[in-house]
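# Fold and contact review
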Amino acid sequence: MMAHYMAVNEGSSSHKYGVFEEKGDVLKDGPEALELIAKGNIQKVHVAGESPFVLEFKGETEEGTQELRSHAGAIGFSSERLDERMPGFKPDAVGYKWVYAGEENNGTHFLYRPREGETEVVERTREFEEDFPRHNPYYLAALTAFKTLYPEVPGIGPMERAFHYSIPLEARARGVPA
């Protein structure tokens, strides 16, 4: 059976994702061993009324609107649609774009491990919810939703700042001009 990896990006009012299927040896071949088989974009998640969505699966596109009042609702909706197309769908890992969990947590970290629970990185993220109100609360909500849907699936979070490590400390620590 081929492995499937899910990459998610939570915005303050959106849920975006991609599902990658392993077609070769990822450790040997790198990203070329992965094929994007599904992706989705759901907007206006926390806005009253209908949330517009675009979901693509192996070249077929579904567009519409759905009443979705939370990230958990959007994630549940996306997972139901994936399960319709791939019965029994369960990712082997979920990767989250993660903004800030303290200066000591740069790079990529486990956020959740089955049987062990959340890691210290998640606790540090909670400490910075007020500092990053347009990011951290939604990332934490997504992690909770995915843990509920797939409790045996690990969560991994590359820190957004790790991509910008060559810029001055003041700019990468808070994402503002130095």
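In short, a report on the structure. Note that the structure is a prediction, hence the values are computed from the model and not measured. (Residues numbered from 1 in each chain as written. Predicted model: local features only at pLDDT ≥ 70, side-chain atom pairs only at ≥ 80, totals over all residues. Heavy atoms only, no water.)

Helices and strands together make up the secondary structure of the protein, namely five helices and nine strands. Along its sequence from the N terminus, the protein presents helices and strands in the succession β-β-α-β-β-β-α-β-β-β-α-α-β-α. With 178 residues in all, the protein has 42% of them scored as buried. Pairs at least 24 apart in sequence give 56% of the contacts found in the protein among residues at least 6 apart. Surface exposure of the protein reaches about 9,500 Å², of which carbon and sulfur atoms provide 53%. (Helix = DSSP H or I, 4+ residues; strand = E, 2+ residues; numbered from the N terminus. Buried < 20%, exposed > 50% of the residue type's maximum accessible area, 1.4 Å probe, protein only. Contact = heavy atoms within 4.5 Å. Areas by Shrake-Rupley, 256 points an atom, 1.4 Å probe, with all protein chains shown as cover.)

This part takes up the pattern of salt bridges. Tallied over the full model, the rule gives 11 salt bridges. A salt bridge links Lys23 to Glu21, with the nearest nitrogen and oxygen atoms 2.5 Å apart. Overall, the relative accessible area of 45% leaves Lys23 in the partly exposed class. Through salt bridges with shared partners, a single network forms among Glu62, Arg81, Glu84 and Arg85. (Salt bridge = Lys/Arg side-chain N within 4 Å of Asp/Glu carboxyl O.)

A separate point is helix 2 (residues 71-85). Look at helix 2: 21 Å from first C-alpha to last across 15 residues, which is about the 21 Å you get at 1.5 Å a residue. Restricting attention to buried positions, one finds in helix 2 the residues His71, Ala74, Ile75, Gly76, Phe77, Ser78, Ser79, Arg81 and Leu82. Contacts made by the buried residues of helix 2 are with strand 1 (4-10), strand 2 (15-22), strand 3 (34-42), strand 4 (50-57), strand 5 (60-67) and helix 4 (136-149). (Expected span 1.5 Å × (residues − 1).)

With respect to the element layout, His4 can be found in strand 1. Residue class for His4 comes out buried when judged on its relative accessible area of 8%. Along the sequence, His4 and Lys90 sit 86 residues apart, while their C-alpha atoms lie 7.7 Å from each other. In contact with His4, other than residues within four places in its own chain, are Val19, Phe20, Glu21, Ile37, Met86, Phe89, Pro91, Asp92 and Ala93. At a separation of 3.4 Å, a polar atom in the side chain of His4 contacts the main-chain carbonyl oxygen of Met2. (Polar contact = N/O pair within 3.5 Å; in protein donor to acceptor, adjacent residues only side chain to side chain.)

Taken N-terminus to C-terminus, the directions of helix 3 (residues 120-127) and helix 4 make an angle of 145°; their axes are 9 Å apart at the nearest point. Where helix 3 crosses over helix 4, the two elements pack in a sense that is left-handed. Across the interface between the two elements, Val122, Thr125 and Arg126 from helix 3 touch Asn136, Leu140 and Leu143 from helix 4. Residue composition of the contact of helix 3 with helix 4, by class: three nonpolar, two polar and one charged. (Axes fitted to C-alpha atoms, helices over the stretch in contact; angles between N-to-C directions. Left-handed = near helix turned anticlockwise from the far one by under 90°. Nonpolar A, V, L, I, M, F, W, Y, C, P; charged D, E, K, R; others polar.)

Counting 37 residues, the largest nonpolar core has Met6, Val19, Tyr96, Trp98 and Phe146 as the members making the most contacts within it. The dominant element in this core, judged by the number of residues it contributes, is helix 4, at six residues. (Core = buried A, V, L, I, M, F, W, Y, C linked by side-chain atoms within 4.5 Å.)

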